[in-house]
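Letter by letter, the chains look like this.
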Amino acid sequence: MNDQSLMEKIVSLCKRRGFVFPGSEIYGGLAGTFDYGPLGVVLKENIENLWLRMFRDDRDDMYGVDAAILMNAKVWEASGHVAGFSDPLVECGKCKKRFRADQLDSKEACPECKGALGDVRQFNMMFKTHAGATEDDSAVVYLRPETAGGIFTNFKNVVDAIHPKLPFGIAQIGKAFRNEIAPRDFVFRSREFSQMEVEYFVKPADWERAFEEWRTRMHLFAKEIGLPQNTVHEFEVPDGDRAHYSKRTIDFQFDFPSKCDELWGLAYRTDFDLSAHAVASGNELSYLDEETKEKFIPHVIEPSLGVDRTILAVLTSAYKEDTMGDETRTYLALSPKIAPVKAMVSPLLKNKPELVEKAREVRAALKKIHPAIAWDDNGNIGKRYRRQDEIGTPFCITVDFDTLGETPNLKDTVTLRHRDSGEQERLTVAEVASRIRAAIE
Ligand code: GAP
């Protein structure tokens, strides 16, 4: 399977099975926007919940915020985004199409019509709107281009409310918006996306230790969501290529279908943001160390993870095809921890009330382990398995006549089918329950 066809297959599966749809589709779409469907919503929630557990809740030094998307324009002036959050733009004099200059092979000729390209100019990527009924410059607000802004502006609120001891961090999941010149590769580069970000505040001398700690945690998260170790690569971003606020950045790159590209970032933002906001807002954003009585502006380590790129990475590594004879089976080898459906229960025949009743009983028992236990009695059993394989359901459970006691020593046992191998085993319902529990915990 070449990389182009892998991407096409993922996009098609996402639409067909209700993971991700093109945004505003019935009106011809809106470039760079996507809507998550029934299964995509759950996959996204599972990834976000795992991140919340590993980056916030498992630690005693982490707190959460959920800040507004619309923020005072001064936030983005102070952070440097109004002046510098831009990409180089060129326009073709002939067809009028616009391109990102840094992504073109030739700076002279239009890649579409070969017309002459104009001068490169900087294009600010923030979406601008107006708050309230006036539309003059005083009412300008921006949709946040990174969730980090709402963390820095709440640093003082969290310190005053919780009195955390340094080092501590603030975590947030939320939408970010960038008016990308060239959205591309499905949800890889879109104009509206979600981020999972931590700003971890440390004493200036402790930044390297904290950087290493979060670096390890990011690799652990990659493992937990099922990304094979050999598909995630670290890239030390050199001087001159880093964001204006960063003194050190490691990009976590992933082998996406189109190319190996940035999945997540880990940055040492120094005291750039708190210092800039302190000066611009006139508020004291320093931290008083109660023991040493030392007052200083903390430095910041920022693990920043895009949710949508994580989903694309997960789908890329999970997408599998098995060919046996002239039949090809497609399945998603998703980690049971993030699979939207954990198991499917099915009666062997749907027109046998005694089988249906027993299967309903089994499903009710398994739902006590996890609510995402599906029911499917449509078509033959092979078709049901294929449908579940395609959405990444790790286990299928079938209730048959042996479950009812046709073979006495098999009474109350069911078949448990494993998604990746297709192998089946005969187990009691209690055994099945503990298999599911072990796989998702
Ligand atoms: N607060 C730091 C920050 O925003 P970034 O490298 O610009 O840093 C962080 O973005 C992460 O957000 C990226 O590693 C990526 O996962 C995700 N991301 C950035 N731009 C994106 C876009 N246009 N579409 C989808 N995800 C994006």
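Remember, predicted model here, so these are calculated numbers, not experimental data.

Caption draft 1: Structural detail: the domain arrangement of the protein chain. Split by domain assignment, the protein chain resolves into domain 1 (3-71 + 148-316) and domain 2 (341-440). In this structure, domain 1 and domain 2 have C-alpha centres spaced 38 Å apart. Tallying the contact residues gives 6 residues for domain 1 and 5 residues for domain 2. Of the roughly 480 Å² buried where domain 1 meets domain 2, counting both sides, 50% is carbon and sulfur surface. Summed over the three residues of domain 1 that lose the most area to domain 2, namely L13, R17 and L39, the buried surface amounts to 65% of that side.

Caption draft 2: Structural context of the site of the ligand. In the vicinity of the ligand lie 20 residues, with E146, R178, E197, E262 and L263 positioned nearest. Within the contact set of the ligand, a nitrogen atom lies 2.9 Å away from a side-chain nitrogen or oxygen of E302. Contact with the protein chains hides 91% of the accessible area of the ligand, taken as 550 Å² for the molecule alone. Within the residue set of the shell around the ligand, elements represented by two or more residues are strand 11 (192-202), strand 14 (260-270) and strand 17 (299-306). When residues in the shell around the ligand are grouped by element, the largest group, 5 residues, is from strand 14. Taken together, the residues of the shell around the ligand break down into 6 nonpolar, 5 polar and 9 charged.

Caption draft 3: Expanded view of the sheet that holds strand 3 (residues 62-64). Pairing within the open sheet is mixed, and its 7 strands lie in the order 3-10-11-17-14-13-12. Both outer strands of the open sheet, strand 3 and strand 12 (232-236), are each paired with one neighbouring strand and no more. Sheet twist, expressed as the mean angle between neighbouring strand axes with direction ignored, is 25°. Where strand 11 and strand 17 come together, 6 bridges link them in antiparallel fashion. Of the residues in strand 17, the one forming a bridge with E197 is S304. Contacts from helix 6 (residues 155-162) reach strand 3, strand 10 (168-177) and strand 11, with the element oriented near 140° to strand 10.

Cut-off values and rules
Residues numbered from 1 in each chain as written. Predicted model: local features only at pLDDT ≥ 70, side-chain atom pairs only at ≥ 80, totals over all residues. Heavy atoms only, no water. Domains from an automatic or database assignment. Contact = heavy atoms within 4.5 Å. Buried area = accessible area lost by both parts, 1.4 Å probe. Near = heavy atom within 4 Å. Polar contact = N/O pair within 3.5 Å; in protein donor to acceptor, adjacent residues only side chain to side chain. Areas by Shrake-Rupley, 256 points an atom, 1.4 Å probe, with all protein chains shown as cover. Helix = DSSP H or I, 4+ residues; strand = E, 2+ residues; numbered from the N terminus. Nonpolar A, V, L, I, M, F, W, Y, C, P; charged D, E, K, R; others polar. Pairing = 2+ DSSP bridges. Axes fitted to C-alpha atoms, helices over the stretch in contact; angles between N-to-C directions.

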